[in-house]
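Results of the structural survey
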Amino acid sequence: MKVLGIAGSPRRNGNTDLLLAELLKGAADRGAEVETIILNDLKFILCQHCDACHKTGKCKYDDDMQAIYRKLAAADRVVLASPVQFMGVTAQTKAMIDRCQALWARKYVLNLPPLGNKRWRKGFFISVSAQKKADLFQPSLATVKALFATLDISYAGGLFFPGVDEKGDIIKHPGALKQAYFAGQKLVED
Ligand SMILES: Cc1cc2nc3c(=O)[nH]c(=O)nc-3n(C[C@H](O)[C@H](O)[C@H](O)COP(=O)(O)O)c2cc1C
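So, a few notes on the structure that sits alongside this text.

What counts as what
- Residues numbered from 1 in each chain as written.
- Predicted model: local features only at pLDDT ≥ 70, side-chain atom pairs only at ≥ 80, totals over all residues.
- Helix = DSSP H or I, 4+ residues; strand = E, 2+ residues; numbered from the N terminus.
- Rg over C-alpha atoms; globule rule 2.2 N^0.38 Å.
- Contact = placed C-beta atoms within 7 Å.
- Core = buried A, V, L, I, M, F, W, Y, C linked by C-beta atoms within 7 Å.
- Buried ≥ 20, exposed ≤ 12 C-beta atoms within 10 Å, placed from the backbone.
- Near = placed C-beta within 6 Å.
- Nonpolar A, V, L, I, M, F, W, Y, C, P; charged D, E, K, R; others polar.
- Pairing = 2+ DSSP bridges.
- Axes fitted to C-alpha atoms, helices over the stretch in contact; angles between N-to-C directions.
- Expected span 1.5 Å × (residues − 1).
- Parallel < 35°, antiparallel > 145°, perpendicular 65-115°, else oblique.
- Left-handed = near helix turned anticlockwise from the far one by under 90°.

We now examine the overall build of the protein chain. Assigned secondary structure in the protein chain consists of 8 helices and 5 strands. Secondary structure elements in the protein chain, listed N-terminal to C-terminal, are β-α-β-α-α-β-α-α-β-α-β-α-α. Its C-alpha atoms give the protein chain a radius of gyration of 16 Å, within 12% of the compact-globule value 16 Å for 190 residues. Counted over contacts in the protein chain with a minimum sequence separation of 6, partners at least 24 positions apart contribute 79%.

The structure is reproduced here in structure tokens:
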């Protein structure tokens with residue numbers, strides 16, 4: 001069982017990073033092989049909507065996204081972590097999602113499995129926000145669900161913590177890290 005964690009925050013060891021690490025610890029303690037990609041450390045171009053992928057099912061840009069496509073294809077579970085930024089996912093996260101247009105083309109234009117094989121995959125979303133408004137996570141969740149649906153990854157749930165702003169605030173949030181740990185265990189058991 002391979003679990004791929006995708007860290008979408010620009011802030012290292014910030015709130016979503018800590019939650020992601022704890023979730024992956026839970027998964028690893030149940031025997032899963034875990035790996036984390038830090039989007040902010042990677043270099044890839046934004047989707048140019050060139051539609052080259054409509055013919056090949058592949059993105060023509062040979063950059064760090066190519067490794068992400070491979071890691072997504074190898075994963076049984078995908079855990080995406082992004083804080084709310086301007087009511088959506090971070091720019092780093094959205095840039096990766098838009099580059100998955102090549103996988104959308106593979107599925108909807110070429111009628112191929114988006115990740116190249118028919119493995120049963122599950123996805124999980126982690127987010128935090130500074131504010132405590134209602135429906136704060138809905139725009140991000142809609143984007144992430146659209147990604148998972150495109151990649152034939154079934155949405156297995158999420159952890160959402162509002163009112164978390166300063167770096168490390170999540171540590172003071174009662175039970176948050178524990179919830180992440182147990183979510184990681186559950187994600188690889190189901
Ligand atoms: C560019 C930017 C935009 C943000 N936009 C929002 C927002 O729209 N709503 C909100 O509640 N918090 C917003 N925040 C606050 C972050 O969601 C919050 O600080 C969070 O704890 C950061 O998580 P991280 O430590 O994982 O990066 C924003 C932060 C930044 C840097």
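Ranked by internal contacts, the top residues of the largest apolar core, which has 47 residues, are Leu19, Leu23 and Val79. Among the elements that make up this core, the one with the highest residue count is helix H1 (residues 15-29) (6 residues).

The next subject is the site of the ligand. Around the ligand, the structure places 19 residues, and the nearest of them are Gly14, Thr16, Pro83, Ser129 and Gln131. Among the elements that take part in the shell around the ligand, H1 stands out by supplying 3 residues, more than any other. Tallied by class, residues from the shell around the ligand come to 8 nonpolar, 7 polar and 4 charged.

Here the focus is the environment of Ala81. Position of Ala81 relative to the elements: it lies in strand S3 (residues 77-81). The class for Ala81 is buried, based on 32 C-beta atoms found within 10 Å. C-alpha separation for the pair Ala81 and Pro114, spaced 33 residues apart in sequence, amounts to 21 Å. Contacts of Ala81, omitting those with residues within four sequence positions, involve Gly5, Ile6, Ala7, Gly8, Ser9, Thr16, Leu19, Leu20 and Ile126.

Sheet architecture is open: 5 strands sit in the order S2-S1-S3-S4-S5, paired in parallel fashion. Each of the sheet's edge strands pairs with one partner strand only, and the pair in question is strand S2 (33-38) and strand S5 (153-161). Each adjacent strand pair in this sheet contributes to an overall mean axis angle of 15°, direction not counted. Sheet topology note: the strand S4 (residues 121-128)/S5 ladder contains 8 bridges and is parallel. Paired with Lys122 across the two strands is Ser154, which belongs to S5.

Take the environment of Leu136 next. Along the chain, the position of Leu136 falls in the loop between S4 and helix H6 (138-150). Along the chain, Leu136 and Gly88 lie 48 residues apart, while their C-alpha atoms are 8.7 Å from each other. Contacts of Leu136, omitting those with residues within four sequence positions, involve Val84, Ser129, Gln131 and Pro162.

Here the focus is H1. Here H1 is 15 residues long and its end C-alpha atoms lie 21 Å apart, about the 21 Å a rise of 1.5 Å per residue gives. For H1, the tally of buried residues reaches 11 of 15 residues, placing the bulk of the element in the interior. Inspection of H1 places Asn15, Thr16, Asp17, Leu18, Leu19, Leu20, Glu22, Leu23, Leu24, Gly26 and Ala27 among the buried residues, and these make up the whole buried set. Following H1 by one or two positions, Gly31 has its phi on the positive side, about 95°.

Inspection of the secondary structure puts Ser140 in helix H6. Overall, Ser140 belongs to the buried group, with 26 C-beta atoms counted inside 10 Å. Spatially, the C-alpha atom of Ser140 lies 7.1 Å from that of Met87, the residues being 53 residues apart in sequence. Setting aside anything within four residues of it in sequence, one finds Ser140 in contact with Ser82, Val84, Gly88, Val89 and Ser127.

Moving on: the packing of H1 against helix H8 (residues 176-189). Two elements in contact, H1 and H8, have axes whose closest approach is 7 Å; the angle formed by their N-to-C orientations is 40°. Judged by the angle between their axes, H1 and H8 are oblique. The two elements H1 and H8 meet at a crossing, and its hand is right-handed. Each of Leu18, Leu19, Glu22, Leu23, Leu24, Lys25, Gly26, Ala27 and Asp29 in H1 lies in contact with H8, whose residues at this interface are Ala176, Leu177, Ala180, Tyr181, Phe182, Ala183, Gly184, Gln185, Leu187 and Val188. Grouping the amino acids of the contact of H1 with H8 by side-chain chemistry returns 13 nonpolar, 3 polar and 3 charged.

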